[in-house]
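Examination of the molecular architecture
The primary structure of each chain is shown beneath.
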Amino acid sequence: MSLWNHLLCHPSLFKMHFKCRNAVPASEVPYLNSSIKRFLVPDDKVAWSTEWSSYAPVEYTDPSINGKPWADTNDLSNVKFNALDGKVNRRSYIWYANATARVVRCAYYSSAEDLDYSFDANQRPINPMGRSGMSGRGILGRWGPNHAADPIVSRFKDGRLQFVAIKRKDTGEWAIPGGMVDPGEEVSATLKREFGEEALGGKTIDMGKVWKNGKRLYAGYVDDPRNTDNAWMETVVVSFHDYESVMDDVKLEAGDDAASVRWVFVDLNEPLYASHKSFIDLLKTSLDN
């Protein structure tokens, strides 16, 4: 069966598909960097298996991404979905529920045809988590999964857990300083590059001992406000905990893509971008264990 049909067996996963629909009234607040408003999707109409003849998602692809070297075109005839397409990884992550962490986690499969994502009548990929109220790509470059990597650099300060966070310029929310995986780039390289670009002002700083402590926490769908019916964010989250106080001598500096950067205490429960709160919950669980 297709990936989205597989997910119909797990209704609890729809909690990971909320911010692109109803974090704020979708019919009142426009999509990022636009005046376009989504078609409102109630919780009981999210699943593609639920009949909804009046569903009329707003078609939107931000004109600013047209012609960009990192963006697809509308011609899908030569695109190899559910596969490694040249240097572009168009394979997705497959879901399972982790009862211990109480968040959605996933396992990665490079070939299970029965778990591939599906397509609409125009042969465009279908968001495996369900309807979003918007078709097209929005501001995302790729049809289907858009892969990112999120490094959580953390430490204990005065007995309290904290992590490095950047303030996003597009939404004003605090976030883990991650970013998109370039075509052909290893995720391990993306994690280091994005942290340097967003949290160290683009500088190369010796954090060798920190990078050696990497622990993969998550790989899968992200509840991102940029998601649409045909394009969505996925990420790999890796924890880099500073056990030897290496970061005490590292000066944080916001890069061009960030409004600011600072250490955030986990116990303050500050609102975070997309699914990042769930990722921080995973961090806490991993350190407790």
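First, a word on what this report is: a plain description of the structure on this page.

About the cut-offs
- Residues numbered from 1 in each chain as written.
- Predicted model: local features only at pLDDT ≥ 70, side-chain atom pairs only at ≥ 80, totals over all residues.
- Heavy atoms only, no water.
- Helix = DSSP H or I, 4+ residues; strand = E, 2+ residues; numbered from the N terminus.
- Expected span 1.5 Å × (residues − 1).
- Buried < 20%, exposed > 50% of the residue type's maximum accessible area, 1.4 Å probe, protein only.
- Contact = heavy atoms within 4.5 Å.
- Salt bridge = Lys/Arg side-chain N within 4 Å of Asp/Glu carboxyl O.
- Polar contact = N/O pair within 3.5 Å; in protein donor to acceptor, adjacent residues only side chain to side chain.
- Arc of directions from axis to C-beta.
- 1 Å grid on protein atoms, 1.4 Å probe; cavity = no way out; pocket = protein on both sides within 12 Å on 5 of 7 lines; lining within 4 Å.
- Points joined across faces, edges and corners; volume = space filled by probe spheres on them.
- Nonpolar A, V, L, I, M, F, W, Y, C, P; charged D, E, K, R; others polar.

Turning next to helix H2 (residues 187–199). With 13 residues, H2 should reach 18 Å at 1.5 Å per residue; the first-to-last C-alpha distance of 18 Å fits that figure. Listed in full, the buried residues belonging to H2 are Thr190, Leu191, Glu194, Phe195, Gly196, Glu198 and Ala199. Buried positions along H2 lie against strand S7 (144–157), strand S8 (160–168), strand S10 (179–180), helix H3 (208–211), strand S12 (231–241) and strand S13 (258–265). Gly201 sits one or two residues past H2 and shows a positive phi near 65°.

All chains considered together, the criterion is met by 18 salt bridges. Residue Asp72 is joined to Arg90 by a salt bridge in which the shortest nitrogen-to-oxygen separation is 2.9 Å. Of the two residues, Asp72 is situated in the loop between strand S1 (58–61) and strand S2 (84–85) and Arg90 in the loop between strand S3 (88–89) and strand S4 (94–98); the sequence distance between them amounts to 18 residues. The buried category is assigned to Arg90, whose relative accessible area is 5%.

Its place among the elements puts Arg124 in the loop between strand S5 (103–107) and strand S6 (134–138). Judged by relative accessible area, Arg124 falls into the buried class, the value being 12%. Polar contacts involving the side chain of Arg124 include one to the side chain of Glu59, which spans 3.0 Å. Excluding anything up to four places from it in sequence, Arg124 contacts Glu59, Leu76, Ser118, Phe119, Ser135, Gly136, Trp143 and Asn230.

Once that is clear, we can look at the side chain of Glu194. Note on placement: Glu194 falls in helix H2. For Glu194, the side chain forms a polar contact with the side chain of Arg193, separated by 3.0 Å.

Before going further, it helps to examine helix H4 (residues 276–288). With 13 residues, H4 extends 18 Å between its outermost C-alpha atoms, agreeing within 8% with the 18 Å of an ideal straight helix rising 1.5 Å per residue. Taken together, the buried positions of H4 are occupied by His276, Phe279, Ile280, Leu282, Leu283 and Ser286. Angularly, the buried residues of H4 cover 155° about the axis, an arc narrow enough to put them on a single face.

Here we come to empty space enclosed by the protein. Inspection of every chain in the model, using the stated rule, returns 2 cavities of 30 Å³ or more. Taken as a whole, the largest cavity encloses approximately 90 Å³ of empty space. What lines the largest cavity is Phe163, Val264, Phe265, Val266, Asn269, Glu270, Leu272, Lys277, Ile280, Asp281 and Lys284. The set of elements that each furnish at least two residues to the lining of the largest cavity consists of S13 and H4. Within the lining of the largest cavity, the residues separate by chemical class into 6 nonpolar, 1 polar and 4 charged.

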